[in-house]
There are 2 protein chains.
Amino acid sequence: CSSPPTSTSSLLPPSSSYLDSRPSFSHFPFCSSLLFRSIVLGMSEAICGIEYQSVDATTEEILRALIDGVGADYVVTPLLAWQDAPANATCSTLTYAPARADGEASAQDWHSCVVGSAARDLRLYPAAAATSAHLSLTALLMPDLHQAHGFATTADPSNTSFSLEYLSTILGSPIPSSSCLWIPVQVSQWRAWSDLHCATGWHAAIFPVLRLSAAQAWGNDAQGAVDEKIVRRWRGEQVKAILVEAPRVKKGKGSVPLPTPSPLLAALSKAMVAIGAQCVLTVPPKATMPGARAAEFYSALLAEMRTWRPDTGGADAKESFEAPYHDVLQSPLQPLADHLESATYQVFEQDPVKYRLYREALVEALDVDKRIARDKVDTVVVYVVGAGRGPLVRATLAAAAVTKRNVRVYAVEKNPNAVHTLRHAAVRDGWGDVVTILAGDMRATGPPERGHIIVSELLGSFGCNEASPECLDGAQDLLLPDVGFSIPASYSSWAAPLCSSKLYTEARSFYIDDALGVAGNTGESGGRSPRRALETMYVVSIWNADVLTDAAELFSFDHPTPQPTNNDRFASVTFEAPYDTTVTGFGGYFECVLYGSVHMSINPASHSPGMFSWFPVYIPLHTPLGVAAGERVTLRMTRRSAAHTRKLWYEWTVSTSGGQTTALHNVGGRSHAVGL
Amino acid sequence: CSSPPTSTSSLLPPSSSYLDSRPSFSHFPFCSSLLFRSIVLGMSEAICGIEYQSVDATTEEILRALIDGVGADYVVTPLLAWQDAPANATCSTLTYAPARADGEASAQDWHSCVVGSAARDLRLYPAAAATSAHLSLTALLMPDLHQAHGFATTADPSNTSFSLEYLSTILGSPIPSSSCLWIPVQVSQWRAWSDLHCATGWHAAIFPVLRLSAAQAWGNDAQGAVDEKIVRRWRGEQVKAILVEAPRVKKGKGSVPLPTPSPLLAALSKAMVAIGAQCVLTVPPKATMPGARAAEFYSALLAEMRTWRPDTGGADAKESFEAPYHDVLQSPLQPLADHLESATYQVFEQDPVKYRLYREALVEALDVDKRIARDKVDTVVVYVVGAGRGPLVRATLAAAAVTKRNVRVYAVEKNPNAVHTLRHAAVRDGWGDVVTILAGDMRATGPPERGHIIVSELLGSFGCNEASPECLDGAQDLLLPDVGFSIPASYSSWAAPLCSSKLYTEARSFYIDDALGVAGNTGESGGRSPRRALETMYVVSIWNADVLTDAAELFSFDHPTPQPTNNDRFASVTFEAPYDTTVTGFGGYFECVLYGSVHMSINPASHSPGMFSWFPVYIPLHTPLGVAAGERVTLRMTRRSAAHTRKLWYEWTVSTSGGQTTALHNVGGRSHAVGL
């Protein structure tokens, strides 16, 4: 394994085949809609809707007013007019009248411009779900999670959590396959929402929407500091919308002054729009067809809401590069088994930071390392192991020029296509005798001479997960004993617990076409869970997630090793939950010392600024773990390899101080392993 | 549904077909062995083994000494002689020599009289497992869970829990299909064991054995009180053996005095032998062939250990009736759909308590009820609804005789076979005109007259779970308005959380032949868990279980109801964990007021003494919930019915104050429902 290709964590476009072929609720509610602007890239405005609570106008009238007048992108409106019924009546004995006829709007408008509302009474849900399916609506707004419900003979005494009645009702009728449910919750009720979602088996078509009263949303006094935790924990959920109640329009003349968003709304809208939430203005009952003065006010408010931009943390090159890949899971590469494509090399070579760091490390080594000091060594022999299309060769030559050192470079590469490119480069760039290109596997041919430095870029997102330790152990015979050294000199693997409904449900459905041919995202936790999908480490730009703590170090490796034996490792790290939350998995990162003071890292706490060659890995769990504030969460992980099967894999299990322990994941590499 | 047969919770023999047809590790290790006495019934002695820790005699010599000399039932002995190896060597680089040749004993003796030991070093496990499979051993003793293990490069820093190395090792090699693993743990280390077992996915072939040092086991001072919790929590595990270290034999002459078991050993042995644990005497290394004096001492100790009897809590009729049914899950009956067999009626009629309670209730009613006072009513009209073979008719006639009241009894029965028996009884016992037998469904024919009392025995183990509310609502038209009443007058459903590894693993494999045809008890939690099996309420004599708290009331029903409407119910009850434990499910019970002061109950806190007609129900969970001492566990349950599908079912979900919430079980009755 002496010449694997350039590293690794694939950045191929997210439209690769596995994404197209599997059904995904992540596209709902509005990705398929013509009227709704894409939020993926270049987004300049938030998507805004308006919620009407009464039915005193036809859908046609509403849509005309909506698009031509108020200027919302879509409307949320009741589907059924409720015949008042005794409080103890059940679904089956109640009567209702459809409030909407399907001829009132085109099929496309129903699909694109209308979210159905069943918000008035839980008992409406079965009928509303049927109507929603009939009209191909993309979303159905449910009653508020904590609204009083009427039909339980024995009321659920708990008011801090969801009611069993609510849960049983939404699971009791089939959710239309093209639709999803919006569950309105208060901002402070993360736990109730999370418990409910968990009890649905993390149903992939049930989403939270955050409801803010006018008092919460608007306030000219920007006094109160916002509890950052409240916003942070919603970052881990797939919040589809913020429903903001409009202030009352007081009687009077002239235009109504625009209110200022409260600090809570300001913080929340930034964070939620960033993860794809839309903004909905809820107007008072009986304001379906508002007077001109109110309409003007709502229109102005919607215009204000459009300006709520995602808080992307700066629009640098890294950010715009990564945006299309947010939360897109990618199966880890098998760099030793496969040849990378030219486009992949090109993507990696575009990184503005990585090769600068390598150059700086080489400069520092050539300048100050006593083992190759100028008075001892005239020509420094450098092996570039896995030279690819040559970026590390160029970095070496540049460092030699800066330090005015003589070097002799051996570029070792097993991919014949990349060797071809290297030979072209040697001619074009005039590498001459300084660079020797060695094609093929070093282990078979033997080196022409021993070297002073091995330079390699074999790290995976998790550090050792693409067999860098094994490869460098194998390559260290290239070095002069006691003199030679490696760049990188050492590296380590790090992990941090996170809460992400998005990543959990995406991972669960990842290998959906495999084996059983059964959908993994039906929201049913029992039946046939795709174990393989929940035991694989994914490369992913972690975005719609609440990373709960700083990362902790698991494994570390130094090169060269005095006596290469075994790179198996056991590690155990403990984190403390900062607040009540749910651990759905872990983010995995690496830190690396290239040489001396030159570090390279994708650990969030020390991330090399602007570097985008690696996304983190997502380490999933079979089942999310609910934990309380202060509870300790221990991740135990082993890195194992088997010589006879030439495999490298990780196993892991998580325990909490509250007494939960997961099964050991990926036993014996049964679900995911890297070939050696 | 006016004439369902006699109640219900089936007591058919446990050898019914589903048990025979499914593989079950519960038979291991020794049920199939000729040498080992059955512990099921009439057990008079504990089963005892002896553990040798060295290999200085052949198996043949050991077995001869064992059976002819010391008097143990089986021997625990090392399988492999270890070639000492460097501490950092891995399994694959170590060498060992087989300590035993298979010709040293017969195949039957290997299978019946030898437990293999891999206790000396974890690295021996893969080789020992292979040897164990070759010799068809039924069990393999593993290294102590907390023994120091040598081969991790990075040691697991946690010493309060299992090491990942241990876990990964036992799951890394296949467990021979006919065998099981014994994991020795300290009595105080329940949590470490439970975490380990959970991390194996509750593997059905991995069991704990409890290891007691000589200091813990023997003490002439019976001073220390035993912490009851320590013993109680092992009651929820499938403890296969207690390994008791023998005291050292001091030099001297004459027989060695027998030590007294410590209070801990005394309490533990009673509780563990009751759930099937065996007793193993561990003798010092190099005592494989002890001198005559030591052999005599060990022999005497083993004779003492044989007398450790199960603590059955009294050998009354109920106890001896129930013993064969301990932990045998039975699918609930469908009493409305099926006709009971005569043998089933006979089993229920043997209950010495149940019909006495009914008679006492009828006596009290006939004596004191003002609605049917002697000065108002001359002849009391009694409807026995679901008369079966007539026990409630007899109870009514007996109560009339005691109170000297005139009665006219209508015995309503839908099962034509039982009607036949009733007609014979009428002739044989001279019921004459007093009793009228009404065959068939009351709803079709209409009653000859209105009655004063309806007597019924329609309760299931969970009270309302065999449709008693629906049946009695339908039957109450038989009663005179404002005058008539029902025996039972009311009843309620109760539940208590429990920890039971046995019931969880049994339930998980219950529907093993169904649907997927895949074994559910492979210990793998991910793949294809038999959801249906873990959403069904089972009738079972709960035995190898730690019932954690008193039961709490969920649903209640009164009869007759003023205006029968809907028997759907929602309930939520909260329990507090008494210590760190794992909730694997709930026990379900009923309480009932027959009439006035006459109560009938299977709730453990108020169980009618000596009554055995009902076993509790076991309400399982998809996944056990680990909880800490003091944590609150909330069970939310709904009783629902659907008129159009004529089904009755329960749904449930459990939340903990620590933040765990299970999926909603049995949504819409998908896995288990009772026909109406």
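Look above for the structure.
Sequence order as written defines the numbering, with residues in each chain counted from 1. Chains carry letters and ligands carry numbers; both start at the beginning, A for chains and 1 for ligands, and go up in the order they are written. Local features in this predicted model are restricted to residues of pLDDT 70 or higher, and side-chain atom pairs are both shown and tallied only at a pLDDT of 80 or more, whereas totals for entire chains, interfaces and linings draw on every residue. Side-chain numbers come from the whole structure's heavy atoms, not from hydrogens or water.

Draft legend 1. Quick peek at the overall build of chain A. Where helices and strands are cited, they refer to DSSP runs of H or I of at least four residues and of E of at least two residues respectively, numbered from the N terminus. The helix and strand tally for chain A stands at 18 helices and 26 strands. Classification of residues uses two cut-offs on accessible area relative to the type maximum, computed with a 1.4 Å probe and protein chains only: under 20% is buried, over 50% is exposed, and between them is partly exposed. Out of the 676 residues belonging to chain A, those deemed buried represent 61%. Throughout, a residue-residue contact means that at least one pair of heavy atoms, one from each residue, lies within 4.5 Å. Counting contacts in chain A only where the partners sit at least 6 residues apart, residues at least 24 apart contribute 81% of the total. Only the protein chains shown count as covering a residue, and every accessible area follows the Shrake-Rupley method with a 1.4 Å probe. When the accessible surface of chain A is totalled, it reaches about 24,900 Å², and 53% of it is carbon and sulfur.

Draft legend 2. Focus on the sheet that holds strand E8 (residues 206-212) of chain B. Residue and element names in this part refer to chain B. Pairing between two strands requires that DSSP report at least two bridges joining them. The parallel closed barrel is built from eight strands, whose spatial order is E1-E2-E5-E6-E7-E8-E9-E10. Sheet twist, expressed as the mean angle between neighbouring strand axes with direction ignored, is 30 degrees. Summarising the sheet, E8 and strand E9 (residues 241-245) pair through four bridges and their orientation is parallel. By the bridge assignment, valine 209 is partnered in E9 with alanine 241. In the packing of helix H6 (residues 190-199) onto the sheet, contacts are made with strand E7 (180-185) and E8, and the angle to E8 comes to roughly 165 degrees. Axes here refer to lines fitted to C-alpha atoms; in helices the fit is confined to the stretch in contact. Angles between the N-to-C directions go from 0 to 180 degrees.

Draft legend 3. Here's a closer look at the packing of aromatic side chains. Residues and elements named next belong to chain A. Only Phe, Tyr and Trp rings are paired, with Trp represented by its six-membered ring, and only when their centres lie within 6.5 Å; those with planes under 30 degrees apart are stacked, over 60 edge-to-face, the remainder tilted. As enumerated under the stated definition, the model contains 30 aromatic pairs over all chains in all. Plain terms: the ring middles of phenylalanine 590 and tryptophan 614 are 4.8 Å apart, the flat faces sit at 75 degrees to each other, and that makes the pair edge-to-face. You can see phenylalanine 590 sitting in strand E21 (residues 581-595) and its partner tryptophan 614 sitting in the loop between strand E22 (598-601) and strand E23 (617-627), a full 24 residues away along the chain. Residue phenylalanine 590 is classed as buried on the basis of its relative accessible area of 0%. For tryptophan 614, a relative accessible area of 3% puts it in the buried group. Criterion for a charge above a ring: Arg CZ or Lys NZ at most 6 Å from the ring centre, at most 35 degrees from the ring normal. Its end group placed over the ring of tryptophan 543, arginine 235 keeps NZ or CZ at 4.6 Å from the ring centre.

Draft legend 4. Main features of the sheet that holds strand E14 (residues 453-456) of chain A. Residues and elements named next belong to chain A. If you trace the five strands from one edge of the open sheet to the other, you get E13-E12-E11-E14-E15, paired in parallel fashion. Here the strands that pair on one side only, and so sit at the sheet edges, are strand E13 (435-439) and strand E15 (485-487). Across this sheet, the average inter-strand angle for adjacent strands is 20 degrees, counted without regard to direction. Alignment of strand E11 (residues 379-385) against strand E12 (residues 406-413), held across seven bridges, turns out to be parallel. Across the sheet, residue valine 384 finds its bridge partner in E12, namely alanine 411.

Draft legend 5. Main features of the pairing of strand E9 (residues 241-245) of chain A. All names here are of chain A. The buried fraction of E9 amounts to four of the five residues, a majority that puts the element mostly inside the structure. Alignment of E9 against strand E10 (residues 278-282), held across five bridges, turns out to be parallel. Considered in E10, the bridge of glutamate 245 is made with threonine 282. Crossover E9 to E10 through helix H9 (residues 263-274) is right-handed. Handedness of a crossover is defined as follows: with both strands directed away from the viewer, a clockwise route from the first strand across the helix to the second makes it right-handed.

Draft legend 6. How the structure looks around the nonpolar core. What we call a nonpolar core is a set of buried Ala, Val, Leu, Ile, Met, Phe, Trp, Tyr and Cys residues that are connected through their side-chain atoms within 4.5 Å. Counting 98 residues, the largest nonpolar core has Ile183(B) and Met272(B) as the members making the most contacts within it. The greatest single-element share of this core, amounting to seven residues, is contributed by helix H9 (residues 263-274) of chain B. Non-local contacts of Ile183(B), meaning those with residues more than four positions away in its chain, are made with Met142(B), Leu145(B), Tyr166(B), Ile170(B), Trp193(B), Leu196(B), Ile206(B), Phe207(B), Pro208(B) and Val209(B). Among the nonpolar cores identified, the runner-up in size contains 97 residues, and Ala46(A), Ile183(A), Val209(A) and Trp308(A) belong to it.

Draft legend 7. Region of interest: the pattern of salt bridges. Here, a salt bridge means any Lys or Arg side-chain nitrogen found within 4 Å of an Asp or Glu carboxyl oxygen. For the structure shown, the criterion picks out 34 salt bridges over all chains. Measuring nitrogen to oxygen at the nearest pair gives 3.0 Å for the salt bridge that ties Arg428(A) to Asp429(A). Taking the relative accessible area as the measure of exposure, Asp429(A) reaches 35% and is therefore partly exposed. With its nearest N and O atoms 3.7 Å apart, the salt bridge here joins Asp429(B) to Arg394(B). Highlighted residues: Asp429(B) in the loop between helix H15 (416-428) and strand E13 (435-439) and Arg394(B) in helix H14 (residues 391-403), separated in sequence by 35 residues. Owing to a relative accessible area of 31%, Arg394(B) belongs among the partly exposed residues under this scheme. When salt bridges that share partners are traced, they join Glu51(A), Asp144(A) and Arg211(A) into one network.

Draft legend 8. Region of interest: helix H14 (residues 391-403) of chain A. Residue and element names in this part refer to chain A. What a helix should span is 1.5 Å times the count of its residues minus one. Between its terminal C-alpha atoms H14 stretches 18 Å, which fits the 18 Å expected from 13 residues at 1.5 Å a residue. For H14, every residue scored as buried is listed here: Pro391, Leu392, Val393, Ala395, Thr396, Ala399, Ala400 and Thr403. On its buried face, H14 is in contact with helix H12 (342-349), helix H13 (354-368), E11, E12, E13 and E14. Once H14 finishes, lysine 404 follows within two positions and takes phi at roughly 55 degrees, a positive value.

Draft legend 9. Unusual backbone geometry, seen in detail. With omega at 10 degrees, the peptide bond leading from Ile487(B) into Pro488(B) counts as cis. Its location among the elements puts Pro488(B) in the loop between strand E15 (485-487) and strand E16 (490-499). The step from His559(B) to Pro560(B) runs through a cis peptide bond, and the omega angle for that step is -10 degrees. You can see Pro560(B) is positioned in the loop between strand E19 (552-558) and strand E20 (569-576). A positive phi angle, near 55 degrees, is found at Ser136(A), a position not held by glycine. Following the sequence through the fold, Ser136(A) ends up in the loop between helix H4 (125-134) and strand E6 (139-141). Assessed through its relative accessible area of 34%, Ser136(A) is described here as partly exposed. At Arg646(A), a residue that is not glycine, the phi angle is positive and equals roughly 50 degrees. In this structure, Arg646(A) sits in the loop between strand E24 (632-642) and strand E25 (647-656). Residue class for Arg646(A) comes out partly exposed when judged on its relative accessible area of 48%.

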